[in-house]
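Below, each chain spelled out in residue letters.
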Amino acid sequence: MRSSFSISKAWSSMLSRNQPFAPAADLKARRAFGTGDRYALAALATALVVAALIVDPRGNFPLNDDWSFATSARRLVLEHDWKPSFWGNMSLVTQSLSAWPLCYVGACSYEGLRASTFVAAVVLLVVVHRGMRLVGASLFQAGIGAVITVFNPVLFELSFTFMTDVFFAVITGGAALAFCLRLQTGSRFMGVLGTALAVTSVLCRQLGLCLPLAFAVASLCSSERRWRSILASVLPALIGAAALLIYEGWMNSTRRTPGLYYVKNEQLVQILKQPALLAQNVFLNGAIVALYMGLFIAPLTFALKLPAPAIDVRRGPRWLPGTVASVVTATVFAVDTIAFGLMPIKGNILVTQGLGPLTLRDVHLLHLPQIPPLPLTFWVLVTAVSAVGLFRLSYVVAVFAQRLFGRGLTRLDGKNSVALFLFLSVGSYYAPLLPANVFERYTAVVMPLLCFFYMRVAVCDRNAAFPRGAAGSLVLPAILAVGMVVFAVLGTHDYMSWNRARWRAIALLTGSGPANAANLDGGFEYNGAAFDADPHPVSADKSWWWVADDRYLISFGPVDGYREVAAVPYRNYLPPARRSIYALERR
């Protein structure tokens, strides 16, 4: 009897240590990598591979902007010369270097370059899951955070391109974790690692500088006012800024700077000179960003209850967070629905038809109804989820602000300094973007930081991570996460499917006829890649993507003034349908 009781007790103890719904009790436990974590990551990685098989990413052709990034990587790896493509205003160094191993295996084909991005997506899965565990998430919550980041429709589709978004998300997520551990434990090694990753992030995108800048403020608020502590706080930011200045100085002195490298800086300067335009842009773009944040993080917000207000707070009533969240949500929802309508808003990847961009002249520029949009009820539901997610996110931000300001001038403890760092990282990332222009892609790449912040604030000493302790509490976040995964996988499949048909149609025209880059409008990617290799005069009355003559046209459907030469069918999943890409010739 005693032996049986001991075995039962040991088994219960083991289950409690691997309880998927319970948060880790302390930092040491959160840093441990248990059996449950291994199984969870294995399951998530398997799901990602299965999703890739459904998507079927085959095809040696450019997607979105990655023709320009591929040009930069090929020049570096194959020609051993760093001279980025003219089309781009990011530093790009680390992304191009990451493709070096697979370039030799795949001869730097688009498929080989895209494979390097998919590898980065797998790494991102691990980074987000481990980060969620480190900030106090249960296995279930960590899984939700990983899913809404990697299977986010925007990042998931970009995982099958050679765009910079996934690389940037991986590096910033890793740097953020290192800086969080530095603030929490005082580890010098983590400070050095965070600085190294931050520099790597800056040399991928200049906006990576947001991390060391945020770390400097959070560290100064939590450390002693001694010169060594001050130096340790600001040193990562100084190193990151120095690395960027050295890089740009070298590029300018050797005349390697792309023509569009400083274009957004110049736009920002011009907008800053116009206060009215600046205020308008910040207000409208801020509303767009807020609604996308609410949409992307909504499943995680339902995976735990809202934190209690006024915990250890000397200022502000308990009803303040709810009031602030209500006002923010109502204002953002009103602005977005009145000024822009239902989701998606100013989407680059998310479009009314599913996932894009649909970069052919008839749909993208002429706005012909060749592809029907998804049902209105779907976008109404998406908008409603965005609003609810925004309310819960705003509530958590308000609770954090209440805790922060309620402490007065006392030094921040490790938990609050971590939350402040993550909050400021997102804020400083958006600071140069809101005055000019924003897309949903800009929100997707900071999902790791947003998830870490939400968990860090919502899981606190007096807040149960799992609200009711019943299986029914899993239903809503699981449904939302699964819905996101299904939409991402099916939408990405359709994006790859019509692009394969597009390039088969281009091959039909160029392989057996007089069509070529000089007289064919094959869409943004085709003409962009051709122009980058062989610049030619551009006609102002044609598509803006460097089309000199559009005698031949690739389209989703019939276009006035053109006759059909060929039609290439493709299968669509969202919704199920058989469609075609058309090769047209001017009458």
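Because the structure is a prediction, the values reported are computed rather than measured.

Thresholds applied
- Residues numbered from 1 in each chain as written.
- Predicted model: local features only at pLDDT ≥ 70, side-chain atom pairs only at ≥ 80, totals over all residues.
- Heavy atoms only, no water.
- Helix = DSSP H or I, 4+ residues; strand = E, 2+ residues; numbered from the N terminus.
- Rg over C-alpha atoms; globule rule 2.2 N^0.38 Å.
- Buried < 20%, exposed > 50% of the residue type's maximum accessible area, 1.4 Å probe, protein only.
- Contact = heavy atoms within 4.5 Å.
- Lys, Arg positive; Asp, Glu negative; His and termini not counted.
- Charge placed at Lys NZ, Arg CZ, Asp CG, Glu CD.
- Salt bridge = Lys/Arg side-chain N within 4 Å of Asp/Glu carboxyl O.
- Expected span 1.5 Å × (residues − 1).
- Phe/Tyr/Trp six-rings, centres within 6.5 Å; stacked < 30°, edge-to-face > 60°.
- Lys NZ or Arg CZ within 6 Å of the ring centre and 35° of its normal.
- Patch = residues over 30% accessible without salt bridge, like charges linked within 9 Å, V, L, I, M, F, W, Y side chains within 5 Å.
- Areas by Shrake-Rupley, 256 points an atom, 1.4 Å probe, with all protein chains shown as cover.
- Core = buried A, V, L, I, M, F, W, Y, C linked by side-chain atoms within 4.5 Å.
- pLDDT = per-residue confidence, 0-100.
- 1 Å grid on protein atoms, 1.4 Å probe; cavity = no way out; pocket = protein on both sides within 12 Å on 5 of 7 lines; lining within 4 Å.
- Points joined across faces, edges and corners; volume = space filled by probe spheres on them.
- Pairing = 2+ DSSP bridges.
- Axes fitted to C-alpha atoms, helices over the stretch in contact; angles between N-to-C directions.

Secondary structure assignment for the chain yields 23 helices and six strands. Radius of gyration (C-alpha) of the chain: 25 Å, near the 25 Å computed for a compact globule of 587 residues. Expressed as lengths along the three principal axes of its C-alpha atoms, the size of the chain is roughly 85 × 60 × 50 Å. When each of the 587 residues of the chain is scored for burial, the buried share is 55%. Taking all contacts inside the chain whose residues are at least 6 apart in sequence as the whole, residues at least 24 apart take part in 77%. Computed over 50 positive and 30 negative side-chain charges, the separation of the two mean positions in the chain equals 15 Å.

Looking now at the pattern of salt bridges. Scanning all chains against the criterion turns up 13 salt bridges. Salt-bridge contacts for Arg133 lead to Asp37; the nearest nitrogen and oxygen are separated by 2.9 Å. Of this pair, Arg133 sits in helix α7 (residues 110-134) while Asp37 sits in helix α3 (residues 35-55), placing them 96 residues apart in sequence. For Arg133, a relative accessible area of 11% translates into the label buried. In this structure, the salt-bridge partner of Arg256 is Asp81, at a minimum N-O distance of 2.5 Å. Pair noted here: Arg256 is in the loop between α13 (227-253) and α14 (263-272) and Asp81 is in the loop between α4 (66-77) and α5 (93-98), with a separation of 175 residues, a long-range link.

Once that is clear, we can look at helix α10 (residues 165-185). Taking 1.5 Å as the rise per residue, α10 with 21 residues should run 30 Å; its terminal C-alpha atoms sit 30 Å apart, in good agreement. Of the residues one or two after α10, Gly186 is the one with positive phi, at around 80°.

Moving on, we get to the packing of aromatic side chains. On inspection of all chains with the given rule, the structure shows 39 aromatic pairs. Centre to centre, the rings of Phe86 and Phe531 are 5.7 Å apart; their planes meet at 65°, and the pair counts as edge-to-face. Here the residue Phe86 occupies a position in the loop between α4 and α5, and Phe531 occupies one in helix α23 (residues 524-533), the gap between them amounting to 445 residues. On the basis of relative accessibility, which here comes to 25%, the residue Phe86 falls in the partly exposed class. On the basis of relative accessibility, which here comes to 14%, the residue Phe531 falls in the buried class. Ring centres 5.2 Å apart and planes at 85° place the aromatic pair Trp87 and Trp546 in the edge-to-face group. With Trp87 in the loop between α4 and α5 and Trp546 in the loop between α23 and β4 (552-555), the pair connects residues that are 459 residues apart, well separated along the chain. Counting every residue linked through ring pairs, the aromatic cluster contains Trp67, Phe86, Trp87, Phe524, Phe531, Trp544, Trp545 and Trp546. A cation sits over an aromatic face here: Arg205 above Phe168, 5.2 Å from the ring centre.

Taken together, the side chains of Trp227, Leu231, Leu235, Leu238 and Ile239 present a nonpolar region at the surface, about 500 Å² in accessible area. Taking the relative accessible area as the measure of exposure, Ile239 reaches 35% and is therefore partly exposed.

It is worth spelling out the nonpolar core at this point. Where a protein is soluble and globular, its nonpolar side chains tend to be buried together. Residues Phe421 and Tyr430 are the most contacted members of the largest nonpolar core, which totals 172 residues. For this core, the leading source of residues is α10, giving 14 residues.

Within the secondary structure layout, Ser116 lies in helix α7. Excluding anything up to four places from it in sequence, Ser116 contacts Ser98, Ala99, Leu102, Phe162 and Phe167.

Let us look at the confidence of the model for the chain. Taken over all residues, the pLDDT of the chain has a mean of 89, while the share at 70 or more is 90%. Mean pLDDT per element in the chain: helix α1 (residues 2-17) is the minimum at 39, and β4 is the maximum at 98. Considering only residues more than four positions removed or in separate chains, one finds that residues 1-19, a stretch of pLDDT under 50, has three contacts. Of the regions scoring below 50 in pLDDT, residues 461-472 engages in 25 contacts with residues more than four places distant in sequence or in other chains.

What the second largest pocket holds in volume is close to 590 Å³. If you go around the second largest pocket, you meet 23 residues; those closest to its centre are Ala290, Met293, Val328, Val397 and Phe423. Elements represented by at least two residues in the lining of the second largest pocket include exactly α15 (275-301), α16 (320-339), α18 (376-406), α19 (414-430) and α21 (447-458). For the lining of the second largest pocket, the element with the highest residue contribution is α15, accounting for six residues.

Here we come to the pairing of strand β5 (residues 562-573). Here β5 runs beside strand β6 (residues 576-586); their pairing, made up of eleven bridges, is antiparallel. Bridging from a neighbouring strand, Tyr573 pairs with Pro576 of β6. Hairpin remark: β5 followed by β6, antiparallel, with two residues in the connecting loop.

That bond from Met343 to Pro344 is cis: its omega, 0°, falls within 30 degrees of zero. Mapping Pro344 onto the fold places it in the loop between α16 and β1 (350-351). A cis amide bond, omega 5°, links Gly356 with the succeeding residue Pro357. Within the secondary structure, Pro357 is located in the loop between β2 (354-355) and α17 (361-365). In this structure, His80 takes a positive phi of about 55° despite not being glycine. Mapped onto the elements, His80 comes out in the loop between α4 and α5. Judged by its relative accessible area of 57%, His80 is exposed. Positive phi values are uncommon outside glycine, yet Lys346 reaches one of about 45°.

Further remarks concern the sheet that holds β6. With mixed pairing, the four strands of this open sheet are ordered in space as β3-β4-β6-β5. A strand with exactly one partner marks an edge of an open sheet, and here the two such strands are β3 (520-521) and β5. Pairing between β3 and β4: two bridges, direction parallel. What sits directly across from Asp521, in β4, is Leu553. Sitting on the sheet, helix α22 (residues 475-511) is in contact with β3, β4, β5 and β6, with an inclination near 150° to β5.

So, about empty space enclosed by the protein. Counted under the stated rule, the structure contains two cavities of 30 Å³ or more. Volume-wise, the largest cavity comes out at about 110 Å³. As for the largest cavity, its lining consists of 13 residues, and the residues nearest its centre are Gln353, Leu355, Asp494, Asn572 and Arg579. No other element matches the four residues that α22 contributes to the lining of the largest cavity.

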